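In case you want the letters, here they are:
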Amino acid sequence: MRALRRTIGGLTGLALLVALSLVLWVNLRARPQDLPWPPLNLGQPIGAFTGRKLTALTRDFPACRAMLDQAGVSYTVLPPRRDGDRCGYADGVRLVEDPRTADGKVRRIAFSPAGLGLSCPVAAALALWEWNVVQPAAQRHFGAQVARIDHLGSYSCRRIAGSGATGWSEHSTADAVDIAGFRLSNGTRITIARDWRGDTAKAAFLHDVRDGACTLFATTLSPDYNAAHADHLHLDQAERGSIGWRACH
């Protein structure tokens, strides 16, 4: 009888494990962005593997363009560029200010200066950042929309921090963009240089969009990192091998 009870207990435990596994599988199937193998869909909410899938697009320009097309992101393809042995890109796009619907979402944010050119994976991450992070944060803190993002550019053939003693910057392949500030639909202007610190709604907004960027970009650097980033957020899609560690400061 004791052996029978042990057998029944073991079967019950196994049944519970199978049931829990089934529930977990069903839940994850409902959120493919939390799994490593389903393809990326820019129309889905941010998931556990979204950032790594975005970074992986650096190896597949056609797939990246297809995702931008599916999501309704307007762009033109930039011709390949090569500046010496270290600089240049073959996956560049220029964002076009032509809002279109993407799964019920609309790309409304303009970039200033206009005609921002950058790598396709960074453009894809910016779209997700706008839809899932920037606009919700603006609505939450100010009850307004972001109408424009001020940037300091993307492509620049240079080393990190402009020093010849360091490695090459992700800007040298257009895999980075520097964000300087935001302009809201109600006329409010928010800048990294002026508004990052303090107990204000502007500072809270900037920290929220920085934290949200950390889930989408391989590297997110803010004024909290060092003085070189006192006036901008540096966002890039650096590839770091199979481990794919991410930097967020």
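Please read all numbers here as calculations on a predicted model, not as lab measurements.

Visitor: Hey, could you run me through the state of the cysteines in this one?
Guide: A covalent bond between the sulfur atoms of two cysteines is referred to as a disulfide. Summed over the entire model, instances satisfying the criterion amount to three disulfides. Cys64 shares a disulfide with Cys120; S-S distance 2.1 Å. Its torsion about the S-S bond being -100 degrees, the disulfide of Cys64 and Cys120 is classed as left-handed. Note that Cys64 is positioned in helix α3 (residues 61-71) and Cys120 in helix α4 (residues 120-142), a separation of 56 residues in sequence. Each member of the pair, Cys64 as well as Cys120, carries the same accessibility label: buried.

Visitor: Where do I start with the nonpolar core in this structure?
Guide: Nonpolar side chains tend to gather and get buried jointly when the protein is soluble and globular. Counting 49 residues, the largest nonpolar core has Leu42, Leu126, Trp129, Phe182 and Phe205 as its most contacted members. Elements represented by at least two residues in this core include exactly α3, β4 (92-95), α4, β9 (146-151), β10 (176-184), α6 (201-213) and β13 (233-236). Looking at this core, the element that brings in the most residues is α4, giving 14 residues. Among residues more than four places away in sequence, those in contact with Leu42 are Leu54, Met67, Leu68, Ala71, Ala124, Leu128 and Trp131. Among the nonpolar cores identified, the runner-up in size contains five residues, and Leu78, Cys87, Tyr155 and Ala174 belong to it.

Visitor: Is there a simple way to explain the pairing of β10 in this structure?
Guide: The buried count for β10 comes to eight of nine residues, which makes it a mostly enclosed element. With five bridges joining them, β9 and β10 adopt antiparallel strand pairing. When the bridges of β10 are listed, Val146 appears paired with Leu184. Here four bridges tie β10 to β13, and the two strands are oriented antiparallel to one another. Pairing of Ala176 across the sheet is with Asp236, part of β13. Across three bridges, β10 lies against strand β11 (residues 189-191) in antiparallel orientation. Its bridge partner lying in β11, Arg183 is registered against Arg189. Remark: four residues form the turn of the hairpin made by β10 and β11, two consecutive strands paired antiparallel; Gly187 in that turn has positive phi of roughly 95 degrees.

Visitor: Please explain the sheet that holds strand β8 (residues 117-119) as it appears in this structure.
Guide: Within a sheet, each strand pairs with its neighbour through backbone hydrogen bonds, oriented either parallel or antiparallel. Read from one edge to the other, the open sheet built from three strands follows the order β1-β4-β8, with strand pairing classed as antiparallel. Both edges of this open sheet fall to β1 (75-77) and β8, since each of them pairs with a single strand only. Direction aside, neighbouring strands of the sheet carry axes that sit 35 degrees apart on average. Here β1 pairs with β4 via three bridges, running antiparallel. Bridge pairing in β4 links Thr76 to Arg94. Relative to the sheet, α3 contacts β1 and β4, its axis offset from that of β1 by approximately 160 degrees. Sheet strands in contact with α4 are β4 and β8, and its direction is about 100 degrees off that of β8.

Visitor: Can you walk me through unusual backbone geometry in this structure?
Guide: Negative phi characterises most residues that are not glycine, and trans characterises most peptide bonds. Across the junction of Ser112 and Pro113, the peptide omega takes the value 0 degrees, indicating a cis bond. For Pro113, the position within the fold is in the loop between β7 (110-112) and β8. Notably, Ala174 is not glycine yet its phi reads approximately 65 degrees, a positive angle. With respect to the helices, strands and loops of the structure, Ala174 is situated in the loop between β9 and β10. The buried category is assigned to Ala174, whose relative accessible area is 1%.

Visitor: What is the right way to read the environment of Thr55 from this model?
Guide: Relative to the helices and strands, Thr55 is located in helix α2 (residues 50-56). With a relative accessible area of 8%, Thr55 lands in the buried category. Distance in space between the C-alpha atoms of Thr55 and Phe217 is 7.3 Å, their sequence separation being 162 residues. In contact with Thr55, other than residues within four places in its own chain, are Ala218, Gln237, Ala238, Glu239 and Arg246.

Visitor: Whenever I open this one, the packing of aromatic side chains confuses me. Can you help?
Guide: Aromatic ring pairs are reported here in terms of the distance separating the ring centres and the angle at which the planes meet. Considering all chains together, one arrives at four aromatic pairs under this definition. Site record: aromatic cluster; members linked through ring pairs are Trp129, Phe142, Phe182 and Phe205. Across the ring face of Phe61, the terminal group of Arg65 is positioned such that the distance to the ring centre comes to 4.6 Å.

Here is what the cut-offs are and how they apply
Residues numbered from 1 in each chain as written. Predicted model: local features only at pLDDT ≥ 70, side-chain atom pairs only at ≥ 80, totals over all residues. Heavy atoms only, no water. Disulfide = S-S within 2.5 Å. Helix = DSSP H or I, 4+ residues; strand = E, 2+ residues; numbered from the N terminus. Buried < 20%, exposed > 50% of the residue type's maximum accessible area, 1.4 Å probe, protein only. Core = buried A, V, L, I, M, F, W, Y, C linked by side-chain atoms within 4.5 Å. Contact = heavy atoms within 4.5 Å. Pairing = 2+ DSSP bridges. Axes fitted to C-alpha atoms, helices over the stretch in contact; angles between N-to-C directions. Phe/Tyr/Trp six-rings, centres within 6.5 Å; stacked < 30°, edge-to-face > 60°. Lys NZ or Arg CZ within 6 Å of the ring centre and 35° of its normal.

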